[in-house]
Amino acid sequence: MERRRRAGALDSRHAVKRSEQAPLRCWAEIDLAAIQHNARVATRTSRCGIIGVIKANAYGLGAVPVARALSGLVEMFGVATLDEALELRAGGIRTTPILLLGARVPEERELVVRNGFVPCISSVPEAKAWDALAAKRCKSLFPVHVDIDTGMGRMGFTEGDWNARTIRALAALKNLRIEGIASHFPSADEDQRFTRRQMRRFGLLQMLAVEHGLAPRMAHIGNSAGILSSPELHTVSNFARPGLMLFGVSPIAARQHLLKPALTWKTHITLVRELPRGSSISYGRTFVTKKPATRVATLAAGYADGYPRALSGRRADILIRGRRCALLGRVTMDQIMVDVTGVPAKAGDEAVLIGSQGREHISVAEVAAKAGTIPWEILTRISRRVTRTYLPS
Ligand SMILES: *Cc1c(COP(=O)(O)O)cnc(C)c1O
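Now for a look at the structure at hand.

Before going further, it helps to spend a moment on the pattern of salt bridges. In the structure shown here, the tally under the stated rule is 19 salt bridges. In this structure, the salt-bridge partner of Glu350 is Lys266, at a minimum N-O distance of 3.0 Å. Residue Glu350 is located in strand S18 (residues 350–357), and its partner Lys266 is located in strand S11 (residues 263–276); the two are separated by 84 residues in the primary sequence. Given a relative accessible area of 11%, Lys266 falls into the buried group. In this structure, Arg321 engages Asp349 in a salt bridge whose closest nitrogen and oxygen atoms are separated by 3.0 Å. Of the two residues, Arg321 is situated in the loop between strand S15 (317–320) and strand S16 (323–328) and Asp349 in the loop between strand S17 (336–339) and S18; the sequence distance between them amounts to 28 residues. By relative accessible area, which is 9% here, Asp349 ends up buried. A single salt-bridge network, built from bridges that share partners, covers Asp317, Arg324, Glu360, Glu366 and Lys370.

Below you can see the structure in the form of structure tokens.
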């Protein structure tokens, strides 16, 4: 395991020291004050404490800078992987506890316990394994959260398994502190009836736990969609786990006005050329110019930066000089072409792929809808090649 870990570290994180840096080509401006604002909205709306979900490099916006901006506004951080937790620790996040949302494989447990991260557990045998490890490694009780599957179908105790015997078996473990009880909404942005029923059941499962000697300090079930759609969330939980909304994107369109967008994704125009009628543009020649003369700007962004290739031919816009300009032809790996006819655009100008310029705005949701996907995927696929820059909080 150690050998494998070290090899992996070399593969993915080997940073070559170098003395020269290219000027910004394609970059993200991240507004940390907006993220703080959105965290306060999450607290106010949910009437719960907040577990700030910053998995997948804080949805692509940078785990450590985002965590620093959020510390003091959240009770815990939630991440998906052990590496994400270790990165936060290495980045100086020491006092805010870190909850590991995904299921852990046995070979990860040692590192989890040694670092004091908090796992979510799914069965009594798993709880016993953590308990045995905690007996060897911990001076104080080792905190864990129990997850109950109320409709997500990916982890946790099944509702059928959550009975007196299970609860008593957990309560009897001497080296664990069952700090939290958790579940997850599969369709808080799509099915209010199911979500309401799920909340009621989550409340009943907690009552059963109390009845048999288990009273966790924390109960949490709400993601962004749950927080923004369920005013009664606080009646069955005292914590919530917002992710997406922290970054200024609401999964519920009618609540978008509450949030401040945190991302502006920019690039440069590298060339402006005038092409005659009948010129084909990009791979497959799916677009052919119709005007007598089309001014075509070439931009330094492509699908290798995370700009979705699925936007090809889907009437996507890019902001240049405060105007919406049409994407032409297919998205290539490193460059895209945009119609700037009638726009005084020139090489070196900034272009906005997502965010505001002048009075125009292109939202993550707009790009996701045109690309046939969801905002979560657009954010988390912004690639390593895009430089993250931070506006002060
Ligand atoms: C990702 C995740 C969240 C956050 O979800 P959003 O929809 O981004 O708010 C909350 N809880 C769990 C278990 C998750 O995996």
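Still to come is the rest of the account.
Tracing the backbone shows Leu208 in helix H9 (residues 192–211). Residue classification places Leu208 among the partly exposed residues on the basis of a relative accessible area of 25%. With 171 residues separating them in the primary sequence, Leu208 and His37 have C-alpha atoms 37 Å apart. When neighbours within four sequence positions are excluded, Leu208 is seen to be in contact with Trp162, Asn163 and Ile167.

Moving on, we come to the site of the ligand. The full set close to the ligand counts 13 residues, and Lys55, Tyr59, Ser224, Arg241 and Leu244 are the nearest of them. Taking Ser224, its side chain carries an N or O atom lying 2.5 Å from an oxygen atom of the ligand. A breakdown of the residues in the shell around the ligand according to their chemical character gives 6 nonpolar, 4 polar and 3 charged.

Of all 6 residues in strand S1 (residues 26–31), 5 are buried; the element is thus mostly enclosed. Of the strand pairs in this sheet, S1 and S11 are connected by 5 bridges, and their pairing is antiparallel. Bridge pairing in S11 places Glu29 opposite Thr264. Across 5 bridges, S1 lies against strand S20 (residues 387–391) in parallel orientation. Pairing of Ile30 across the sheet is with Tyr390, part of S20.

Calculation notes
Each chain carries its own residue numbering, running from 1 in the direction its sequence is written. Local features in a predicted model are, by the rule used here, given only for residues with pLDDT of at least 70; side-chain atom pairs are given and counted only at 80 or more, and totals for whole chains, interfaces and linings are based on all residues. Side-chain calculation: all heavy atoms of the structure are included, whereas hydrogens and water are not. Every case where a carboxyl oxygen of Asp or Glu lies within 4 Å of a side-chain nitrogen of Lys or Arg is listed as a salt bridge. What counts as a helix is a DSSP run of H or I of at least four residues, what counts as a strand is a run of E of at least two, and both are numbered from the N terminus. Buried, partly exposed and exposed residues are distinguished by accessible area as a fraction of the type maximum, computed with a 1.4 Å probe on protein chains only: under 20%, between the cut-offs, and over 50%, respectively. The contact criterion used throughout is that any non-hydrogen atoms of two residues lie within 4.5 Å. We call a residue near a molecule or strand when any one of its heavy atoms sits within 4 Å of it. Under the rule applied, a polar contact is a pair of N or O atoms within 3.5 Å (in protein, one hydrogen donor and one hydrogen acceptor; residues adjacent in sequence only if both atoms are side-chain atoms). Gly is put with the polar residues, along with every residue not named as nonpolar or charged; the nonpolar set is Ala, Val, Leu, Ile, Met, Phe, Trp, Tyr, Cys and Pro, and the charged set is Asp, Glu, Lys and Arg. If DSSP finds at least two bridges between two strands, the strands pair.

These figures capture arrangement, not role.
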